[in-house]
Amino acid sequence: MAEESNMAKTAAEEVSSAEHTRCGCHFRPNVDIIERADELVVLADVPGARPESIDVDFEDGTLAIHARVDPRQDPGVEYRVHEYGVGDYYRTFHVSEAIDAGKITAEYNDGVLTLHLPKTEATKPRKISVKTR
Amino acid sequence: MVFRSVQPRYPVHQLRQEIDRLFNGMLNTAGEVGWPWPVRGRPALNVWETKEAVLVETELPGVKPEQLDVSVIGDELSLKVERSDVEQEGVTYHRRERPVGSFARVVRLPVPVDAGRVEADLRNGVLTITLPKAESARPRKIQVSSAG
């Protein structure tokens, strides 16, 4: 499933481990996860969401992304072509790196959520100089 | 591997997902006219009608208006998207799911449209194209007259 490069969305009803209070199906956003020397960057496609309707939680090493997306068409609309559904996005990740949770930043542009997760000092790579006597 | 996504716990769920995926793939090819491109990586569409217009919607996260080409030729709507590759040197990719590259699609419109008044709006990664129906395709209320 993760290898699917189709732009079509993946329904993710079974993927989440916790129940949601809001009913209806939700989707698993496609993500890129990039590791740099000092941070992890998560890019998530959540088109149709608004910045104020996106929740990002980081707790006990679990990063959760939840974007609420309200229907854009009337429920009774008859589609000529209907290839994707519209609904909330939800996805969680276990992060094993030590992350400085207080410094996590998030921005949302053009339907893409970008998260910066800075590593704690202890996990940043450190150049050790080798001395000779 | 730094990240591990939460996977389905039971094999039956995995099977269900596989079936859903295959099924979705089949549905995606329905209603397609002369699609010359590979199925993978093309933008999915929703198309519906109102009294006045045909509406085409597609989700294009990360795409800027200048990376988009929308044109109407005859009774076909052509959509070309260039999603830029932001690959950087000196970093490690743990996940790479977001599609990059060029995507194109042609859809045959169900009714004649007024090509001069087509509008395309890109907001929060969602493109909505409004194609006003040609005068001849709009519903017309016929006044019934009675003699006398």
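Residues numbered from 1 in each chain as written. Chains lettered and ligands numbered in written order. Predicted model: local features only at pLDDT ≥ 70, side-chain atom pairs only at ≥ 80, totals over all residues.

**Let's talk about the overall build of chain B**
Check the secondary structure of chain B and you find one helix and nine strands. Going residue by residue from the N terminus, the α and β elements of chain B occur as β-α-β-β-β-β-β-β-β-β. Out of the 148 residues in chain B, the part that is buried amounts to 22%. Counting contacts in chain B only where the partners sit at least 6 residues apart, residues at least 24 apart contribute 59% of the total. (Helix = DSSP H or I, 4+ residues; strand = E, 2+ residues; numbered from the N terminus. Buried ≥ 20, exposed ≤ 12 C-beta atoms within 10 Å, placed from the backbone. Contact = placed C-beta atoms within 7 Å.)

**Observations regarding the environment of B:Leu77**
Turning to its location among the elements, B:Leu77 is positioned in strand 5 (residues 76-83). Judged by the 23 C-beta atoms lying within 10 Å of it, B:Leu77 is buried.

**Section: the sheet that holds strand 5 of chain B**
Residue and element names in this part refer to chain B. The three strands lie next to each other as 4-5-7, forming an open sheet whose pairing is antiparallel. Every interior strand has two partners, whereas the edge strands, strand 4 (68-73) and strand 7 (101-108), have only one. On average, each strand axis in the sheet is tilted by 10 degrees relative to the strand beside it, whichever way the strands run. Direction of pairing for strand 4 relative to strand 5: antiparallel, over a ladder of six bridges. Of the residues in strand 5, the one forming a bridge with Val70 is Leu79. (Pairing = 2+ DSSP bridges. Axes fitted to C-alpha atoms, helices over the stretch in contact; angles between N-to-C directions.)

**Quick word on the nonpolar core**
Formed by 22 residues in total, the largest nonpolar core has its most connected members in A:Val42, A:Ala44, A:Val46, A:Ile65, A:Ala67, A:Tyr89 and A:Leu113. Elements supplying a minimum of two residues to this core: strand 3 (31-35), strand 4 (39-45), strand 6 (62-67), strand 8 (88-95) and strand 10 (112-118) of chain A. Listed in part, the 20 residues of the second largest apolar core include A:Tyr84, B:Ala44, B:Val47 and B:Leu127. (Core = buried A, V, L, I, M, F, W, Y, C linked by C-beta atoms within 7 Å.)

**Some thoughts on the confidence of the model for chain B**
All names here are of chain B. Residues of chain B with pLDDT of at least 70 account for 70%, and the chain-wide mean is 77. Ignoring residues within four places in sequence, the model shows residues 1-8, a span with pLDDT below 50, making 25 contacts including any to other chains. Scored below 50 in pLDDT, residues 23-39 shows 15 contacts in the model against residues more than four places distant or in partner chains. ipTM for the predicted complex: 0.77, alongside a pTM of 0.73. (pLDDT = per-residue confidence, 0-100.)

**Some remarks on the sheet that holds strand 7 (residues 79-82) of chain A**
Strand order in the open sheet formed by five strands is 7(A)-2(B)-3(B)-9(B)-8(B), and the pairing between neighbours is antiparallel. Here the strands that pair on one side only, and so sit at the sheet edges, are strand 7 of chain A together with strand 8 (119-123) of chain B. Strand-to-strand twist of the sheet, defined as the mean angle between neighbouring strand axes without regard to direction, takes the value 10 degrees. Here strand 3 (residues 53-59) of chain B pairs with strand 9 (residues 126-132) of chain B via seven bridges, running antiparallel. Within strand 9 of chain B, the position partnered with B:Glu57 by the bridge is B:Thr128.

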